[in-house]
Amino acid sequence: MPRDIVHLALFKEEQLNEAAEAIQVLREMGISDHEISVISGAPLQEKMLGRPMTWTRIPLIGISGALVGFLTALFFNFGTPLLYPIRVGGMAFQTIPTSFVTIFELTMLGLLISTFIGVFVETISPSYGPQGYDERISDGYIGVLFSAPAELDARMHEALTALGAEIVHRAEAKKLWLF
Amino acid sequence: MAEEKQTGRWGMVIDLDVCTGCNACVTACAMENNIPWTGEEDAGYGRGMHWIRVQRYWEGEYPDISPHYQPVMCQQCGRAPCEPVCPVFATVHSEEQQINLQVYNRCIGTRYCANNCPYIARSFNWFDYSQQIPTPMNYYLNPNVTVRRRGVMEKCTFCVQRIYEGQERAKAEGRAVRDGEIVPACAQACPTDAIIFGDLSDPDSRVSKAARNQRRYTLLEELGTEPKVTYLKGEGTYGG
Amino acid sequence: MAVEAKSLSTPIHGVDDEEAELREQLMFDPRPREELNRMVMESMVHTTPRYWAVVAFLAVVVLVCLFGAWGYMIATGIGLAGVRKPVYWGVFIVTFVFWIGISHAGTFVSAILRVFKAEFRRPFTRAAELMTTFGLAAGALYPLIHLGRVWVFYWMIPYPNARWLWPNFRSPLVWDFLAITTYLLSSTIYLYLPLIPDLAMARDRTKGWRHAVYKALALGWRGTEAEWARLRKAITIFAFAIIPVMFSVHTIVSWDFAVSQTPVWNSTIFGPYFIVGAILSGVSAVVTILVILRATLKHMDYFIRKEHLDALGKLLLVFSMAWAYFFFNDYLVSWYGGYEAVRKVLFFHSSGPDAWIWWSMIVFNVVIPWLTLWNRRIRRTPWVMLIITLLINVGMYFERYTIVPMTLAHQRFPFDWGTYVPRIEIIISIGTLALFILLYMLASRFIPMVPVWEVREGQEAHMIRQIGKARVPTVSELE
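Residues numbered from 1 in each chain as written. Chains lettered and ligands numbered in written order. Predicted model: local features only at pLDDT ≥ 70, side-chain atom pairs only at ≥ 80, totals over all residues.

**Things to note about the overall build of chain A**
This is how the line gets drawn: Each helix is a run of DSSP H or I of at least 4 residues and each strand a run of E of at least 2, with the numbering of both proceeding from the N terminus. Each radius of gyration reported is based on C-alpha atoms, and the globular scaling rule is 2.2 Å times the count of residues to the power 0.38. With C-beta atoms placed from the backbone, a residue is buried if 20 or more other C-beta atoms are within 10 Å of its own, exposed if 12 or fewer are, and partly exposed between those counts. Our contact criterion uses C-beta atoms placed from the backbone: two residues qualify when those atoms are within 7 Å.
In terms of regular secondary structure, chain A is built from four helices and four strands. Written out in order from the N terminus, the α and β elements of chain A read β-α-β-α-α-β-α-β. Over its C-alpha atoms chain A spans a radius of gyration of 25 Å, topping by over 25% the 16 Å that the globule rule assigns to 179 residues. In terms of its C-alpha atoms, chain A occupies a principal-axis envelope of roughly 85 × 35 × 25 Å. Counting the 179 residues in chain A, one finds 40% classified as buried. Within chain A, contacts between residues at least 6 apart in sequence are counted, and of these 83% link residues at least 24 apart.

**A look at the overall build of chain B**
Across its full length, chain B holds seven helices and ten strands. Expected size for 240 residues packed as a compact globule is a radius of gyration near 18 Å; at 18 Å, chain B falls within 12% of this value. Its C-alpha atoms give chain B principal-axis dimensions of roughly 55 × 50 × 35 Å. By the burial criterion, 44% of the 240 residues in chain B qualify as buried. For chain B, the proportion of contacts with a sequence separation of at least 24, taken over those separated by at least 6, is 63%.

**Considering the nonpolar core**
The line we're drawing: Nonpolar core, as used here: buried Ala, Val, Leu, Ile, Met, Phe, Trp, Tyr and Cys residues forming one set through C-beta atoms within 7 Å. What fixes the domain bounds is an automatic or database domain assignment.
Residues Ile195 of chain B together with Met131, Val283, Val286 and Leu290 of chain C are the most contacted members of the largest nonpolar core, which totals 248 residues. Residues from two domains meet in this core; each of domain 1 (5-54 + 128-169) and domain 2 (58-124) of chain A gives at least three. Apart from the residues lying within four places of it in its own chain, the contact partners of valine 283 of chain C are Ala105, Phe108, Leu312, Leu315, Leu316 and Phe319 of chain C.

**Describing the interface of chain A and chain C**
Heads up, the condition is: Each residue gets one label: Ala, Val, Leu, Ile, Met, Phe, Trp, Tyr, Cys and Pro are nonpolar, Asp, Glu, Lys and Arg are charged, and the others, such as Gly, are polar.
Residue-level contacts link 53 residues of chain A with 48 residues of chain C. Of all elements in the fold, only β2 (36-40), α2 (58-83) and α3 (96-124) of chain A reach the threshold of two or more residues within the side of chain A that touches chain C. Counting residues per element, the side of chain A that touches chain C draws most heavily on α3 of chain A, which supplies 17 residues. In terms of residue class, the side of chain A that touches chain C is built from 29 nonpolar, 16 polar and eight charged.

**Details of the sheet that holds strand β1 (residues 10-15) of chain B**
All names here are of chain B. Stated precisely, the cut-off is as follows: In this scheme, strands are said to pair when DSSP sees at least two bridges between them.
Spatial ordering of the open sheet is given by β8-β1-β10-β9, a layout of four strands whose pairing is mixed. Of all strands in the sheet, those with a lone pairing partner are β8 (195-199) and β9 (216-217), marking the two edges. Inspection of the sheet shows β1 paired to strand β10 (residues 229-232) by four bridges, in the parallel sense. When the bridges of β10 are listed, aspartate 15 appears paired with leucine 232.

**Here's the deal with the confidence of the model for chain B**
Residue and element names in this part refer to chain B. Quick note on the threshold: Per-residue confidence from the predictor is reported as pLDDT, a score between 0 and 100.
When pLDDT is averaged across chain B, the result is 89; 95% of the residues are at 70 or more. For chain B, helix α1 (residues 2-5) is the element with the lowest average pLDDT, namely 41, and helix α6 (residues 185-189) is the one with the highest, namely 96. Predicted confidence for residues 1-7 stays below pLDDT 50, and this span has four contacts to residues more than four positions away or in other chains. Under the prediction, the complex receives an ipTM of 0.92, its pTM being 0.93.

**Section: the interface of chain B and chain C**
Counting residues at the interface gives 31 residues for chain B and 34 residues for chain C. The residue inventory of the side of chain B that touches chain C, partitioned by class, reads 20 nonpolar, seven polar and four charged.

**A short note on the domain arrangement of chain A**
Looking at the assigned domains, one finds that chain A contains domain 1 (5-54 + 128-169) and domain 2 (58-124). On a C-alpha basis, the centres of domain 1 of chain A and domain 2 of chain A stand 45 Å from each other.

**Points about the environment of phenylalanine 120 of chain A**
Inspection of the secondary structure assignment puts phenylalanine 120 of chain A in helix α3. Residues phenylalanine 120 of chain A and isoleucine 58 of chain A, spaced 62 residues apart in sequence, show a C-alpha to C-alpha distance of 9.9 Å.

**Observations concerning the sheet that holds strand β1 (residues 5-11) of chain A**
All names here are of chain A. The following threshold applies: Axis definition: a line fitted to C-alpha atoms, limited for helices to the stretch in contact. Angles are taken between N-to-C directions and run from 0 to 180 degrees.
In spatial order, the strands read β2-β3-β1-β4; together these four strands make up an open sheet with antiparallel pairing. Taken across any chain shown, the strands that pair with only one partner, and hence form the sheet edges, are β2 and β4 (166-169). Taken over all neighbouring pairs, the strand axes of this sheet differ in orientation by 25° on average, direction set aside. Sheet topology places β1 next to β4; four bridges connect them, and they run antiparallel. Its bridge partner lying in β4, leucine 8 is registered against valine 168. Of the strands in this sheet, β1, β2 and β3 (142-148) are in contact with helix α1 (residues 16-28), which crosses β3 at around 10°.

**Observations regarding the pairing of strand β3 (residues 470-475) of chain C**
All names here are of chain C. Where strand β2 (residues 462-467) and β3 come together, six bridges link them in antiparallel fashion. Looking at β3, one finds that isoleucine 464 is bridged to proline 473. Where β2 hands over to β3, the hairpin turn is made up of two residues, of which glycine 468 adopts a positive phi near 60°.

**Some points on helix α20 (residues 424-444) of chain C**
In plain terms, the rule: Take the number of residues in a helix, subtract one, and multiply by 1.5 Å to get its expected span.
The end-to-end C-alpha separation of α20 of chain C is 30 Å, in line with the 30 Å expected for 21 residues at 1.5 Å each. For α20 of chain C, the secondary structure elements touched by its buried residues are α3 (49-76), α4 (91-102), α6 (125-140) and α7 (142-145) of chain C.

**Thoughts on the packing of α3 of chain C against α20 of chain C**
All names here are of chain C. Keep this limit in mind: The labels follow the angle: roughly parallel below 35 degrees, roughly antiparallel above 145, roughly perpendicular from 65 to 115, and oblique for the rest. Each crossing is labelled by how the near helix is turned from the far one, with a counterclockwise turn of less than a right angle marking it left-handed and a clockwise turn marking it right-handed.
Contact geometry for α3 and α20: axes closest at 8 Å, N-to-C directions at 140°. The orientation of α3 relative to α20 falls into the category oblique. Considering the relative orientation of α3 and α20, their crossing is left-handed. Residues Val54, Val55, Leu58, Ala59, Val61, Val62, Cys65, Leu66, Ala69, Trp70 and Met73 of α3 pack against Ile424, Ile427, Ile428, Ile430, Gly431, Thr432, Ala434, Leu435, Ile437, Leu438, Met441 and Leu442 of α20. Tallied by class, residues from the contact of α3 with α20 come to 21 nonpolar, two polar and no charged.

**A closer look at unusual backbone geometry**
With an omega dihedral of 5°, the bond running from tyrosine 62 of chain B to proline 63 of chain B counts as a cis peptide bond. Turning to its location among the elements, proline 63 of chain B is positioned in the loop between β2 (52-59) and β3 (66-73). Although it is not a glycine, arginine 111 of chain B sits at a positive phi angle of roughly 65°. As for its position among the elements, arginine 111 of chain B is in the loop between β5 (100-102) and α4 (112-115). Assessed through the 23 C-beta atoms surrounding it within 10 Å, arginine 111 of chain B is described here as buried. Located in the positive-phi region is leucine 219 of chain C, a residue other than glycine, with phi close to 55°. Judged by local crowding, leucine 219 of chain C falls into the partly exposed class, with 18 C-beta atoms found within 10 Å.

**Here's the deal with the environment of proline 52 of chain A**
All names here are of chain A. Turning to its location among the elements, proline 52 is positioned in the loop between β2 and α2. Between the C-alpha atom of proline 52 and that of alanine 150, which follows or precedes it by 98 residues, the distance is 26 Å. Once you skip the residues sitting within four places of it in the chain, proline 52 turns out to touch Asp33 and Glu46.

**Comments concerning the environment of proline 143 of chain B**
Here proline 143 of chain B shows up in the loop between β6 (123-124) and β7 (153-154). Since 8 C-beta atoms lie within 10 Å of it, proline 143 of chain B is described here as exposed.

Here it is in structure tokens:
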């Protein structure tokens, strides 16, 4: 399939209802939810726009990191004293009360670091759906990005301008990050 | 482990009733263990380095007043509060001698051990005091003892170099260490023989007998540190 | 029930008194996003010669007092500090605890208030989070500064030496190392995550080196649904997880003292007592910084309003009471215990040669806040709040001074009692104070000081609702 042109329908901050309506209209024209993407300057919930929930693996990545931290802490507490046993203060080599401190800190460290790594990796990894951007988005505009075949152009134009959208064609994003 | 059941091997008894507070032990200790002098100004500020010090307290009201001397050094605790707080295992328990060791080249100078020592027995090298010893005097340094540089903690070792020496000599001659053969510098210098050193695991040794004396007490017993140093003091009621 | 809800994005005609009062609040005084962006951008690029003069002065102070004095101490010996035989820890540890306490502000304001959905937090979460990061940066220097042999500090890092000996994980100092590392990393990330949309905003509005840096930092943020969803998820995980981390950090700092056998230190209440003190000191510092930002940073008087000082003032009063409660609890139980050494220390605190420190602590932490902060007018007067919060932090510094050197000076053997006089510690502490202010000043011209998208989200969520004849503020849950 040849790549369709990416269009961007821009709505003002307070035109949230119209944006939601526009997505509905596009869907009725036969453009699937995969070919639509919404960009906004403030967080919007998917259900406000009637969009499918997005899926993220961040909690999973976070929990895996926490597990790694937990296991590291177990090794630190119960493994390292056996590698080189040194008696201090009449304590046992492996002490349980003190282990909780290390276990807590390293589990949390694993959880938080890997949550961030999850955000970072998911953000820079390639995403599907129309890629487009307009600098007005950070001014609070709501942008509906979609790619549509050329034959729908006229209908789509008419429907969206009726809702008060400003339409930007060829809204493909310039290089927004390092690569 | 066998060592764990032992109540302790090397121990000391200090008879306060015969201690005259002459400070010979302090001097002998400094010479034996290469303890540097810190200079007038620093010593005046409270940085004098002593592994053993004679605490002097006054008893009674003036003019009926008498001094009370108490030599205090590292008590070589069985459950030493200083040990577990060190982040780098620079102060550890010797399972063989049942004393506390200070590993100078592992110490990074957090000084936590000294804060946690209820006997305030530890000294810290605030500056490179040992480098300040004037030239001919450095020939006094004991070659058997490490010269500490600045930034590390140090404390009484029960003259561990003498303990080792005695053990090695006995081993070479194929016999057990005799009671009274190993004497730390402070005990050797004490003119009134107030400091008795020996093997606590041998019930017939002089130090074991003295440690069972009715006048016995240990410093800050309520902390449960299990010190290896026992003090004898009659408090005026001589019964035993 | 018929409800008329009026969105505030559109101007309302015929404003009456009731509404005029509401409009003094940031959330009921909305401005278009474009204008908010413009204000924040202007506040970042606007500098005056006076600003650069202060920056240069602070840089010199940091160079001389922190790096110069510290370098001299490394070359000469830790003996340049005033620490002596019974007082092995002095002002270095006091200042360390102080900065770690300051660092609790960001997490408290940002995470706890976020979790509890306290709306007034929105404009100053970032200002508080920056304090956390820089406070930790200043504080984390002290465990290094106070070491006898700082050149081998890395022996505390969990890795084995040539003989496969690892650090001692039973030592509170290793816990400290782990906790501070965890907190520093996670609070820096927690500062960074909500910053990404604002960095993208700045990217779109700058040119030159700023543009290049913001572009790299914004990670190609476009504001897609997936990006927002990820961000929301990550911020939620962070907000909930960083709160126990924050509690653990100051608890572990308190355990440095509490696990020891030193009289007065050995107290089971030290953990929560330190946390309450840290939050009191941290929130005070937030107020101090907000008052200063409001006066010096362009357009900040729009974002930081009297209502925020008011709300934080109430929090301060509550935490001052909580601090007094914990302090008294610790004091009474120690005193009643009848252990002679403990009583001697407590007596030394309040009537020794340094007793003025103990009494100032009581006055600054309890008397002054209790006498002033109940009053709404005082809470809403910036310069008065500045003085009160500075005094609270002086009081908290004195509290740590009482706990560390003044307790160590008076342990069980009277023979070893001694007094402590700080020496080079004072210079180095001034150096880290300058470092903190310098970092903060530089950051204020580089990082969008106000989380614009969070403010805008809040303004969208606030409505005035008509119930009967009354108009009441209403918040919708957009998050």
